[in-house]
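Below are the chains, spelled out letter by letter.
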Amino acid sequence: MLDDFIGIGAIDDNDIWVYNFEKLYDFAHNGKCKRVIAKRGNGPGEYVNLLGVAQLPNRQLALIGAPQSVLCYSPAGKWESTKKVPLFSISVVKNDIVGRAITFEETGKEDNSILWMDENLNVTDSLSIQSHLDPDEQLTDLSLHNNFGKPTLLMNDTIFNLAEKGKITPLIKLQLGKYKIPKEVRKDWDRADEMKLYILPIGLLIWEDYAFVEYGYDNKTYFDIWNINDMSLCFRNIMSGPEPPAGFPMRLPDGKEIGIWPTKVIDGKLLGVVMPSLQSDPSYQDANPSIFIITR
């Protein structure tokens, strides 16, 4: 039913919701598929591509994929309402809901904003990235995460703490290579060899005292784990091919070792998808994807 590249939307005592661009799947913890939400289209309750899923405090599932709006479904898979919020991603921790929005002015200029919302997805506060952090439009990538009600933002080479609305504090600066791509380089594809010498942020996850940071540099993918308290690098895996496997190693009960990388924090648990195609052991190539959960 599923390929490697799925995202984890939500998990509770009874259900695990995972999704790809086309469908949202509801699985029981024993691996049995309970239902599938497949509503691609432009009509009421339908989405173009499914970009993200999260469970709101009222247990509704928020689906991002309809133009400039969020679809709210019941856990039983019934569409209930559509909220007009231009979200690109959403992160929920208890009653704290934070999202990333992309808006375009009439001039065609793009603005990335961070939105704080209540449980009904009404915007209570916002922060313009272009105005506060990127006035020179040098943004290469942006990743937003919310852990224990503390939003963090990965932009260019720096992780920012957005715990206090309107207050932005640099948390970690990646110590590798060049950082902000100059505008004249970024817009000139004839200078592709020069572009690769700048960091390309891919993703950020904060779990307790640790930051999991994935980024590209010099035609390689880096997987870093940083300790936020003392700003120290705990682990680094540099991947340029099938060896070593992506992420960091986890040993299974049968003695085999697989590469994993977390992508979600829910109720204090660290979660991610085991992607068979990214494993160095060829016996995993035809396996089904699986979910891992790590607790303290």
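Now for a quick tour of the structure. The structure displayed is predicted, hence computed values, not measured ones. Every residue gets a number counted from 1 within its own chain, in the order that chain's sequence is written. Local features in a predicted model are, by the rule used here, given only for residues with pLDDT of at least 70; side-chain atom pairs are given and counted only at 80 or more, and totals for whole chains, interfaces and linings are based on all residues. Only hydrogens and water are set aside when side-chain values are computed; all heavy atoms of the structure are taken into account.

By definition, any uninterrupted DSSP run of H or I lasting at least four residues is a helix, any uninterrupted run of E lasting at least two residues is a strand, and each is numbered from the N terminus. Its place among the elements puts P170 in strand β16 (residues 169-173). Once the C-alpha coordinates of P170 and I159 are considered, the two residues, eleven residues apart in sequence, prove to be 6.0 Å apart. Non-local contacts of P170, meaning those with residues more than four positions away in its chain, are made with T158, I159 and F160. Should any heavy atoms of two residues lie within 4.5 Å, those residues are counted as being in contact.

Strands pair in a sheet through their backbones, by hydrogen bonds, and they do so in one of two ways: parallel or antiparallel. One open sheet holds the three strands; their spatial order is β23-β24-β25, and the pairing between them is antiparallel. Each having just a single partner strand, β23 (264-266) and β25 (290-294) make up the two edges of the open sheet. Taken pair by pair, the neighbouring strands of this sheet meet at an average axis angle of 30 degrees, ignoring direction. Strands are labelled as partners when DSSP assigns at least two bridges between them. The pairing of β23 with strand β24 (residues 269-274) spans three bridges and is classified as antiparallel. Across the sheet, residue I266 finds its bridge partner in β24, namely K269. To define axes, lines are fitted to C-alpha atoms, for helices over the stretch in contact only, and angles between the resulting N-to-C directions are given on a 0 to 180 degree scale.

On to unusual backbone geometry. Look at E208: it is not a glycine, yet its phi comes out positive at around 50 degrees. Its place among the elements puts E208 in the loop between β17 (200-207) and β18 (210-217). In this model, D218 sits at a positive phi of 55 degrees, which is unusual for a non-glycine residue. With respect to the element layout, D218 can be found in the loop between β18 and β19 (220-227). To sort residues, take the accessible area from a 1.4 Å probe on protein chains only and compare it with the maximum for the residue type: under 20% means buried, over 50% means exposed, and anything in between is partly exposed. Judged by relative accessible area, which is 27%, D218 ranks as partly exposed.

This part is about the side chain of T152. Within the fold, T152 resides in strand β14 (residues 150-155). Apart from residues no more than four positions distant in its own chain, T152 is found in contact with S143, L144, H145, I159, F160, N161, L171, L204 and I206.

The next subject is the pattern of salt bridges. Put simply, a salt bridge is a Lys or Arg side-chain nitrogen that is within 4 Å of an Asp or Glu carboxyl oxygen. Enumeration according to the criterion identifies nine salt bridges in this entry. The closest approach of N and O atoms between D12 and R59, which form a salt bridge, is 3.2 Å. Of this pair, D12 sits in the loop between β1 (7-11) and β2 (15-19) while R59 sits in the loop between β5 (52-55) and β6 (61-66), placing them 47 residues apart in sequence. Overall, R59 belongs to the partly exposed group, its relative accessible area being 42%. As a salt-bridge pair, E22 and R40 come within 3.4 Å of each other at their nearest N and O atoms. Taken together, the residues span a long stretch of sequence, with E22 in the loop between β2 and β3 (24-28) and R40 in the loop between β4 (33-37) and β5 at a distance of 18 residues. Relative accessible area serves as the criterion here: at 40%, E22 is assigned to the partly exposed category.

This part covers the packing of aromatic side chains. Ring pairs are drawn from Phe, Tyr and Trp, using the six-membered ring of Trp, whenever the two centres fall within 6.5 Å, and their geometry is named by plane angle: stacked under 30 degrees, edge-to-face over 60, tilted for the rest. Here the structure, examined in full by the defined rule, presents eight aromatic pairs. Pairing F212 with W261 gives two aromatic rings, centres 5.7 Å apart and planes at 80 degrees, and the pair type is edge-to-face. One end of the pair, F212, is in strand β18; the other, W261, is in the loop between β22 (257-260) and β23, and 49 residues separate them in sequence. Assigned by exposure class, F212 and W261 land together as buried. Measuring from ring centre to ring centre gives 6.3 Å for F235 and F248, while their planes differ by 75 degrees; the resulting arrangement is edge-to-face. Note that F235 is positioned in strand β20 (residues 232-239) and F248 in strand β21 (residues 248-251), a separation of 13 residues in sequence. What makes F248 buried here is its relative accessible area of 15%.

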